[in-house]
Amino acid sequence: MEGEVVPITEVPDQAFSEKMLGDGYAVKPVDGTVKAPVAGRIVQIFPTNHAFGILAEKGLEILVHIGIDTVELKGEGFRRLAEPGQEVQAGTPVMEVDLEVLRLRGKESITPVVVTNMHLVKGLKVHGGPTPEVAAEIELK
Amino acid sequence: MVEAVVRSKNGLHARPAGMVVEQAVRHGGEVVLIKEGIRCNAKSILNIMGLGLAQGDRIAIAAEGEGGLRTENLLKSIIEGIEE
């Protein structure tokens, strides 16, 4: 998704800002097309479509969580553009989110992107700023 | 193996899954959650989210090896304690 990349610690949800779910970055989206941040296979799309997971190269698991507390929308405002099991490239559209619905429902649209199996990771460097070409570089153990 | 019932109104989504994993990774042996015969690795957030657990779902928790029953009971209390 297009938008500014900010540190994960700026996410207004402790599960993410305290890295309970893993380390990574967050995007403040300016458009609603959520694209795969990395090549791999979609291993899961949560039934309410607000989050999905990608199994990337070397076994890295990436969780994309669209907005904060958006599980409570029960799918409203989300539309799938891909399905679990599908192979994707970095940039393949996976979900369409109506940012206006999030705004009307009082949900923050900031979208954490985290590696959930950090035990495989040696280093993670985030490149902040408006829509960087590469948002993060990950060095594996 | 112990049984647990999911009580959280939004199912076992990201944050609850993180709480389960946080405990499960402290256990040395394998830890699995089982719903209707489908087994998932309780040490993986994506695996747990993949079960798509909803409020009212009954699952089994199995932790192998030393301290298994203790881990199973801890996870049961975590899973049944999440109401959000």
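Check the entry above for the structure.
Everything numeric in this text was worked out from a predicted model, so none of it was measured.

> I'm lost on the sheet that holds strand β3 (residues 38–41) of chain B in this one. Help?
Across a sheet, paired strands are connected by hydrogen bonds in the backbone, their directions being either parallel or antiparallel. Residue and element names in this part refer to chain B. Taken together, the four strands give an open sheet; going across it, the order is β1-β4-β2-β3, and neighbouring strands pair in antiparallel fashion. Of all the strands in the sheet, the pair left with one neighbour each is β1 (2–5) and β3. Within the sheet, the average angular offset between the axes of one strand and its neighbour, ignoring direction, is 30°. When strand β2 (residues 31–35) meets β3, the two strands line up antiparallel, connected through four bridges. Within β3, the residue paired with Val32 across the bridge is Asn41.

> Would you take a moment to explain empty space enclosed by the protein for this structure?
To find the voids left in a structure, one rolls a probe of water-molecule size over its atoms. Taken as a whole and judged by the stated rule, the model has one cavity of 30 Å³ or more. Its volume calculated, the largest cavity comes out at about 50 Å³. Around the largest cavity, the lining residues are A:Asp13, A:Phe16, A:His65, A:Asp69, A:Val71, B:His13, B:Ala14 and B:Arg15.

> What is the right way to read the layout of surface pockets from this model?
Volume-wise, the largest pocket comes out at about 810 Å³. The wall of the largest pocket is formed by 36 residues, among which A:Tyr25, A:Ala36, A:Pro37, A:Val38 and A:Ala135 lie closest to the centre. Of all the secondary structure elements, the ones that give two or more residues to the lining of the largest pocket are β1 (3–7), β2 (23–29), β3 (33–35), β6 (61–65), β10 (111–115) and β13 (136–140) of chain A. Split into classes, the residues belonging to the lining of the largest pocket amount to 24 nonpolar, six polar and six charged. When its volume is computed, the second largest pocket comes out at roughly 200 Å³. Considering the residues around the second largest pocket, the lining is formed by 14 residues, among which A:Met20, A:Thr116, B:Val21, B:Val25 and B:Lys43 are closest to the centre. Among the elements that make up the lining of the second largest pocket, the one with the highest residue count is helix α1 (residues 14–24) of chain B (three residues). Within the lining of the second largest pocket, the residues separate by chemical class into six nonpolar, five polar and three charged.

Cut-off values and rules
- Residues numbered from 1 in each chain as written.
- Chains lettered and ligands numbered in written order.
- Predicted model: local features only at pLDDT ≥ 70, side-chain atom pairs only at ≥ 80, totals over all residues.
- Heavy atoms only, no water.
- Pairing = 2+ DSSP bridges.
- Helix = DSSP H or I, 4+ residues; strand = E, 2+ residues; numbered from the N terminus.
- Axes fitted to C-alpha atoms, helices over the stretch in contact; angles between N-to-C directions.
- 1 Å grid on protein atoms, 1.4 Å probe; cavity = no way out; pocket = protein on both sides within 12 Å on 5 of 7 lines; lining within 4 Å.
- Points joined across faces, edges and corners; volume = space filled by probe spheres on them.
- Nonpolar A, V, L, I, M, F, W, Y, C, P; charged D, E, K, R; others polar.

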